[in-house]
Amino acid sequence: MAQAKSCELSLAAQTTDELLHGLEKLRQSWKENPAGVPKGLACSESKSGQFVLVAAESAFVTLPGACVIKGIGAIELHGEPAFEDGDHSKTLVLKATPEGWQFSVKFMRPVVRERNAKQSA
């Protein structure tokens, strides 16, 4: 049986001042005390020195038109919802790039199995 693969989608999003302030505050506290990062969040730095924040499903809430990271701030989403019913294992990935913040989401699609399906001849 093949293993299910995760999907990653870039999000069309706009930051809020609250989010930018929260991200900078988190970045500074992570540099000073990496163990002090709130539960559900993971911080790292890319090889090129860019700050990367990964928020587990327990640390953010998706609302119509927005995604709120608990204790950090909100991201205004544009376009279609990124998730469908049944998608799970969601993680939100925020990357600081020279062009600005990039937002993406990783998730697993539900596994659909057809057991004992009769083939019509």
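On a predicted model such as this, the values are computed, not experimentally measured, just so you know. For every chain, the first residue of its written sequence is number 1, and the numbers climb from 1 along that sequence. Two thresholds apply to this predicted model, a pLDDT of at least 70 for residue-level local features and 80 or more for giving and counting side-chain atom pairs, whereas whole-chain, interface and lining totals are computed over all residues. Working from all heavy atoms in the structure, the side-chain values ignore hydrogens and water.

Digging into the sheet that holds strand S6 (residues 66–69)
Each strand in a sheet pairs with its neighbour through backbone hydrogen bonds, running either in the same direction (parallel) or in the opposite one (antiparallel).
In step 1: Two strands pair if DSSP finds at least two bridges between them. Starting at the N terminus, helices and strands are each numbered in turn, a helix being any DSSP run of H or I of at least four residues and a strand any DSSP run of E of at least two. Ordered in space as S2-S7-S6-S5, the four strands form an open sheet in which the pairing is antiparallel. The open sheet has two edge strands, strand S2 (13–15) and strand S5 (60–63), and neither has a second partner. Strand-to-strand twist in this sheet, taken as the mean axis angle between neighbours without regard to direction, amounts to 25°.
In step 2: One ladder, built from three bridges, connects S2 with strand S7 (residues 73–77); its direction is antiparallel. Counterpart to Thr 15 in the pairing with S7 is Ile 75.
In step 3: By the convention used here, residues are in contact when the closest approach between their heavy atoms is within 4.5 Å. Only the stretch in contact is used when a helix axis is fitted, and all axes are lines through C-alpha atoms; the angle between N-to-C directions ranges over 0 to 180 degrees. Sheet strands in contact with helix H1 (residues 17–32) are S2, S6 and S7, and its direction is about 130° off that of S7.

Things to note about the nonpolar core
In step 1: Definition used in this section: a nonpolar core is a set of buried Ala, Val, Leu, Ile, Met, Phe, Trp, Tyr and Cys residues joined via side-chain atoms within 4.5 Å. Per-residue accessibility, obtained with a 1.4 Å probe over protein chains only, is compared with the maximum for each type, and a residue is labelled buried under 20%, exposed over 50%, and partly exposed between these values. Core analysis: the largest hydrophobic core is formed by 23 residues, its most contacted members being Leu 41, Leu 53, Ile 69, Ile 75, Leu 92 and Leu 94.
In step 2: Broken down by element, this core gets its largest block of residues, four residues, from H1.

Topic: H1
In step 1: Expected span, for any helix, means 1.5 Å times one less than how many residues it has. Here H1 contains 16 residues, and its C-alpha end-to-end distance of 23 Å stays within 8% of the 22 Å for a straight helix at 1.5 Å per residue.
In step 2: If you check which residues of H1 are buried, you get Leu 19, Gly 22, Leu 23, Leu 26, Arg 27 and Trp 30. The buried residues of H1 occupy one face: seen down the axis, they fall within an arc of 135°. For H1, the exposed residues set more than 90 degrees away from the buried face come down to Asp 17, Glu 18, His 21, Lys 25 and Glu 32. Along the arc lie the directions from the helix axis toward the C-beta atoms.

A look at the packing of aromatic side chains
The way to describe two aromatic rings as a pair is by their centre distance and the angle between their planes.
In step 1: Whether two aromatic rings pair depends on their centres lying within 6.5 Å, for rings of Phe, Tyr and Trp, where Trp uses its six-membered ring; planes under 30 degrees apart make the pair stacked, over 60 edge-to-face, and the rest tilted. All told, the structure shown has two aromatic pairs when counted by the stated rule.
In step 2: Here Trp 30 and Phe 51 contribute two aromatic rings whose centre-to-centre distance is 5.7 Å and whose plane-to-plane angle is 55°, an arrangement assigned as tilted. A residue pair is termed long-range when its members are at least 10 positions apart, and Trp 30 in helix H1 and Phe 51 in strand S4 (residues 51–56) qualify at 21 residues. For the pair Trp 30 and Phe 51, one class covers both residues: buried.
In step 3: Plain terms: the ring middles of Phe 51 and Trp 101 are 6.2 Å apart, the flat faces sit at 90° to each other, and that makes the pair edge-to-face. You can see Phe 51 sitting in strand S4 and its partner Trp 101 sitting in strand S9 (residues 100–108), a full 50 residues away along the chain.
In step 4: Under the relative-accessibility criterion, Trp 101 is labelled partly exposed at 24%.
In step 5: Three or more aromatic residues joined by ring pairs form one cluster here, namely Trp 30, Phe 51 and Trp 101.

Quick notes on the side chain of Arg 27
In step 1: In this fold, Arg 27 is placed in helix H1.
In step 2: Charged residues are defined here as Lys and Arg on the positive side and Asp and Glu on the negative side; His and the ends of the chain fall outside this count. A side-chain nitrogen of Lys or Arg and a carboxyl oxygen of Asp or Glu constitute a salt bridge if their distance falls within 4 Å. With no salt bridge to any partner, buried Arg 27 finds its closest opposite charge in Glu 24, at an N-O distance of 4.1 Å.

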